[in-house]
Amino acid sequence: MPDNPLYFYKSIEPLEAKQLQKRLREKISLEPLDKPSQLVAGADISFDRGSDLMHAAIVAVDLRDMQPKTLSLVSDRTSFPYIPGLLAFRELPVLWKAWNQLDANPEVLILDGHGLAHPRRMGIATHFGIEIDHPTMGVAKNILTGSHSTLAPEKGASADLMDEGEKVGIALRSRTNVNPVYVSPGHKLSFGDAYALAVRTLTKYKLPQTTRLAHKWANKLRRGEAREGVWKVDDRQLL
DNA sequence: GCGACAG
DNA sequence: ATCTTGTCGC
């Protein structure tokens, strides 16, 4: 796919990648969302163990009923290794394809990983948001950088995730007695927007509905139980 | 120098 | 991320 503007990420060197992050950092916007969201999308990627094949899924969910409406599935190869802090260079090319073929316009895209909660404030959610010039946020299962105070064990408990004296995200107990998730703004939305959307997309599980469904479809694609392409969904059977 | 380190 | 079944605990 030579028309993919992010294709060069696959062959960039780690040192240049780091410098690009420092330059892109200037473009970050934390302006609050202007339109209240109704349609929100979740993105996730599944990998084949011993290969460079990855499978991406972006699922648009209607906040009114929390049900999936449409999804985009794409498989592609990567040649950039996983390096903490440089995750975007490995996953953005395939995500770009999936995003551009999605036949819906979700107000916000929630990515699996960090946004601002990154050593250079350029986690995959922020990076992708700048590339597509669209509101994004990150929800990660583990901390990459920073720390926070102890959280109460009940669902809803939260604390600021701090790094070098600045707030970079929010640790959120998304379910009682379960390790927290880490929420951070990606681009074009505020900390408040990110937090509110993370809470709104929670159901009875640890991860937001958007992320759960994207994860499920990315795995189906990898196992050959679903095909690449864009699909209208009506799948309350896989909730 | 040593350990930490999204997916 | 992925390899993998049952099992302990709220």
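Treat the numbers as computed from the prediction; the structure is a model and nothing was measured. (Residues numbered from 1 in each chain as written. Chains lettered and ligands numbered in written order. Predicted model: local features only at pLDDT ≥ 70, side-chain atom pairs only at ≥ 80, totals over all residues. Heavy atoms only, no water.)

Observations concerning the layout of surface pockets
Once rolled over the atoms, a probe with the size of a water molecule shows which space is left empty. Reported here for the largest pocket is a volume of approximately 510 Å³. Residue lining of the largest pocket: 28 residues in total, with Tyr82, Leu87, Asp112, Gly113 and His114 positioned closest to the centre. Sorting the residues of the lining of the largest pocket by element identifies strand 1 (39-47), helix 2 (87-101) and strand 4 (108-112) as the ones contributing at least two each. In terms of residue class, the lining of the largest pocket is built from 16 nonpolar, 7 polar and 5 charged. Taken together, Pro32, Leu33, Asp34, Lys35, Asn105, Pro106, Glu107, Asp133, His134, Pro135 and Lys188 make up the full set of residues lining the second largest pocket. Split by residue class, the lining of the second largest pocket holds 4 nonpolar, 2 polar and 5 charged. (1 Å grid on protein atoms, 1.4 Å probe; cavity = no way out; pocket = protein on both sides within 12 Å on 5 of 7 lines; lining within 4 Å. Points joined across faces, edges and corners; volume = space filled by probe spheres on them. Helix = DSSP H or I, 4+ residues; strand = E, 2+ residues; numbered from the N terminus. Nonpolar A, V, L, I, M, F, W, Y, C, P; charged D, E, K, R; others polar.)

Focus on helix 2
Taking 1.5 Å as the rise per residue, helix 2 with 15 residues should run 21 Å; its terminal C-alpha atoms sit 22 Å apart, in good agreement. Proline 93 marks the point of greatest bend in helix 2, at about 35 degrees. Within helix 2, 12 of the 15 residues are buried, which leaves it mostly tucked inside the rest of the structure. Among the residues making up helix 2, those that are buried are Ala88, Phe89, Arg90, Glu91, Leu92, Pro93, Val94, Leu95, Trp96, Lys97, Ala98 and Trp99. (Expected span 1.5 Å × (residues − 1). Bend = angle between axes of the 7 residues up to and from the residue. Buried < 20%, exposed > 50% of the residue type's maximum accessible area, 1.4 Å probe, protein only.)

Regarding the UniProt feature "binding site: Mg(2+)" (unreviewed entry) in chain A
In the numbering used here, UniProt assigns the feature "binding site: Mg(2+)" (unreviewed entry) to Asp44 and Asp112. In sequence the annotated residues extend across 69 residues, while in space they remain close, none of their C-alpha pairs exceeding 5.8 Å. Within the annotated group just given, the residues that line the largest pocket are Asp44 and Asp112. Its location among the elements puts aspartate 44 in strand 1. On the basis of relative accessible area, aspartate 44 is assigned to the buried category, the value being 4%. Not counting residues within four places of it along the chain, the set of residues in contact with aspartate 44 comprises His55, Ala56, Ala57, Asp112, Ala214, His215 and Ala218. Counting through the fold element by element, aspartate 112 comes out in strand 4. If sequence neighbours within four positions are ignored, aspartate 112 has contacts with Ala43, Asp44, Ile124, Val139, Lys141 and Thr211. (UniProt positions renumbered as here; feature names shortened; annotations may be inferred. Contact = heavy atoms within 4.5 Å.)

Topic: the protein's contact with DNA strand B
Surrounding DNA strand B, one finds 16 residues, the nearest of these being Tyr82, Gly85, Ile124, Lys141 and Asn142. The sugar-phosphate backbone supplies 43% of the atoms of DNA strand B found within 4 Å of the protein. The separation between a phosphate oxygen of DNA strand B and a polar side-chain atom of tyrosine 82 is 2.6 Å. One of the backbone N or O atoms of leucine 87 is found 3.2 Å from a base nitrogen in DNA strand B. Partitioning the surface near DNA strand B into residue classes produces 8 nonpolar, 6 polar and 2 charged. (Near = heavy atom within 4 Å. Polar contact = N/O pair within 3.5 Å; in protein donor to acceptor, adjacent residues only side chain to side chain.)

Brief notes about the protein's contact with DNA strand C
Around DNA strand C, a shell composed of Ser46, Phe47, Arg49, Lys141, Asn177, His215, Asn219 and Arg222 is seen. Counting only atoms of DNA strand C within 4 Å of the protein, the fraction found in sugar and phosphate groups is 100%. Between DNA strand C and the protein, one listed contact pairs a phosphate oxygen with a side-chain N or O atom of lysine 141 at 3.0 Å. Take asparagine 219: an N or O atom from its side chain is 3.4 Å from a phosphate oxygen of DNA strand C. Elements represented by at least two residues in the surface near DNA strand C include exactly strand 1 and helix 5 (209-222). No other element matches the 3 residues that helix 5 contributes to the surface near DNA strand C. Tallied by class, residues from the surface near DNA strand C come to 1 nonpolar, 4 polar and 3 charged.

Here we look at the nonpolar core
Counting 32 residues, the largest nonpolar core has Ile58, Phe89, Leu92, Leu95, Leu109 and Phe128 as the members making the most contacts within it. The set of elements that each furnish at least two residues to this core consists of helix 1 (14-24), strand 1, strand 2 (53-62), helix 2, strand 4 and helix 3 (124-132). Take this core: its biggest share by element is 8 residues, from helix 2. Not counting the four nearest positions on each side in its chain, leucine 95 is found in contact with Ala43, Ile45, Ala56, Ile58, Leu111, Ile124 and Phe128. Of all hydrophobic cores here, the second largest spans 29 residues; its members include Val181, Leu197, Ala218 and Leu221. (Core = buried A, V, L, I, M, F, W, Y, C linked by side-chain atoms within 4.5 Å.)

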